[in-house]
Amino acid sequence: MNAIKFPPNFIWGTAAAAPQIEGAAFLDGKGESVWDRFARIPGKVVGDANLDVACDHYHRYPDDFALMRELGIKHYRLSIAWPRIFPQGDGELNQAGIDFYNRLIDCMLAEGIQPWVTMFHWDLPQALEDRGGWRERLTPEAFGVYAETIVKAFGDRVKHWITLNEMRCFTILAYGDTIRPPGLNEGEKVVNQTYHHALLAHGLGVQAVRQHGGENAQVGITDDCIIPVPVIETEPHIKAAEQAIRELNIRSIDPILKGEYTELYHTLTGENAANVEPGDIELISAPTDFFGMNIYTGVYVRAKEDGSPEILPFPSGYPTADAPWLKLIPQAMYWGPKLIKSVYDVPSIYITESGAGYDDVPTETGEILDLHRRQYVRQCLMELHRSIGDGSPIEGYFLWSFMDNFEWLDGYTKRFGICYTDYSTQKRTPKLSAHWYKEVMQQNQLV
Ligand code: PNW
């Protein structure tokens, strides 16, 4: 049998985020986040679900880490809740928040699990939103202080840092579209400014790690680039995809990886370009150690007659997970890293999220036979392997998610976990995919 082996030292892990699993939304001094507020507006979240209890990971983390160890999970991407550390976003520190993450990190390490910490996974302190949120420069400035605080507090044990998760989801989808908090519909200029402030926050996060993280600390950002997949893998369509990946993601990644707001950026944004202050670009484009990619899906692209890209609409009936946005396109796992490497020449890439959401239902005997999830993740890993073979510098893969959790607008109705969460008892049950993934991690090859 021709084994599909991954490189030695390849990092295998799972991921989750504080607001989606912790609960204890108002406990021990934690401040309100924009999601705590937004979820309370009737009709915003499916079932009017909120984040108050979620998976109660705040109290159950010792059992969760013990289960991770049993499943052979040695790397775990978590996030820290900014409003637990600074309830108002800036100003007074909440020592109980620091104490909580100290206990949590110590517990992980005792179970042999390495922490990969995201500084910000969308839970902006509501108090900062009330002062303008990402529209205002005070938010990245407050983030800088928060980043410095957590790196100083946990940097003796945390060696891998991710500044921000998915800028698009708290900039354009939050200020330019009404679907995510704060749910505003601002113009292009304001949206570009929120991107710029997010980029600035990233830069300040990198600076915090460089200054206080110790010598072997690593830092990068996690982005959810829109990934164009050439519909025919031939030269003209691949060229079109290279052009498309820049155009589709220019507001978020061009400044970081090219170190400038390029002419192309200005062509696309014109008079709506963000206001930039002297020194910003240097901060934003400071070298990072890796580029994190969350890859669930993509779009198909082909070359027009003149070579430029055409994004193709999906026909009805195109296969999806139980979340309609999640079109099943395993080739995105090949082309995403490959195009980022060829366009931006990044030295190191981690897949910081990948997975699929389904309405899992236990069988009569209580098993969760998530053959759909296992199948999709396996296909994605085949493509990831093909990408590594073709020179993409991919060093690790984090499956989203360790357990079913608060899936944002979908509340608790969409399940992404490899462990099933019974929300009435808080019991976790490893699904079939968890047993399968355990073998993959252990053998460092596809099984
Ligand atoms: C990611 N899209 O979000 C987030 O980082 C996670 O917190 C989330 O639970 C997970 O994916 C599953 O949804 C995304 O519409 C949400 O393309 C939506 C999209 C992409 C990423």
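Each remark here, short or long, concerns the structure printed above.
This is a predicted model, so every value here is computed, not measured.

A. Quick peek at the sheet that holds strand 7 (residues 290-294). A barrel is described by the order of its strands in space; here eight strands give the closed sequence 1-2-3-4-5-7-10-11, paired in parallel fashion. The average angle at which neighbouring strand axes cross in this sheet is 25°, direction not considered. As paired elements, strand 10 (residues 349-353) and strand 11 (residues 394-400) share three bridges and run parallel to each other. For Y350, the partnering residue across the bridge sits in strand 11 and is G396.

B. Inspection of the packing of helix 15 (residues 371-389) against helix 16 (residues 432-443) at higher detail. Put simply, helix 15 and helix 16 touch, their axes get as near as 8 Å, and they point 30° apart. Of the possible angle classes, the one that applies to helix 15 and helix 16 is roughly parallel. Our pair here, helix 15 against helix 16, has a crossing hand that is right-handed. Residues L371, R373, R374, V377, R378 and L381 of helix 15 touch helix 16, and the partners they reach there are L432, S433, W436 and V440.

C. The pattern of salt bridges, seen in detail. One pass over the full model with this rule turns up 32 salt bridges. Here R251 ties to E188 by a salt bridge, and the two come within 3.3 Å at their closest N and O atoms. With R251 in helix 11 (residues 235-258) and E188 in helix 10 (residues 188-212), this residue pair connects regions lying 63 residues apart in the sequence. Accessibility expressed as a relative area gives 15% for R251, which makes it buried. In this structure, the salt-bridge partner of K431 is D404, at a minimum N-O distance of 2.8 Å. Placement of the pair is K431 in the loop between strand 13 (427-430) and helix 16 and D404 in the loop between strand 11 and strand 12 (419-422), with a sequence separation of 27 residues. A relative accessible area of 0% means that D404 is categorised as buried. What you see here is one network of salt bridges that share partners, running through D360, D370, R373, D404, R415 and K431.

Calculation criteria
Each chain has its residues counted from 1, following the order in which its sequence is written. The predicted origin of the model limits local features to residues at a pLDDT of at least 70 and limits the giving and counting of side-chain atom pairs to 80 or more, whereas totals for whole chains, interfaces and linings rest on all residues. Excluding hydrogens and water, the side-chain values take into account all heavy atoms of the structure. Should DSSP find at least two bridges between two strands, the strands are regarded as paired. For the purposes of this entry, the term helix denotes a DSSP run of H or I that reaches at least four residues, the term strand denotes a run of E that reaches at least two, and both are numbered from the N terminus. Here an axis means a line fitted to C-alpha atoms, over the contact stretch when the element is a helix, while the angle between two N-to-C directions is reported on a 0 to 180 degree scale. Geometric relationships in this document are graded by angle, where less than 35 degrees denotes roughly parallel, more than 145 denotes roughly antiparallel, 65 to 115 denotes roughly perpendicular, and other angles denote oblique. For any helix crossing, the convention is left-handed if the near helix is rotated counterclockwise from the far helix by under a right angle, and right-handed if that rotation is clockwise. The contact criterion used throughout is that any non-hydrogen atoms of two residues lie within 4.5 Å. By convention in these notes, a salt bridge is any Lys or Arg side-chain nitrogen within 4 Å of a carboxyl oxygen on Asp or Glu. Remark: exposure states derive from per-residue accessible area (1.4 Å probe, protein chains only) relative to the maximum for the residue type, with buried under 20%, exposed over 50%, and partly exposed in between.

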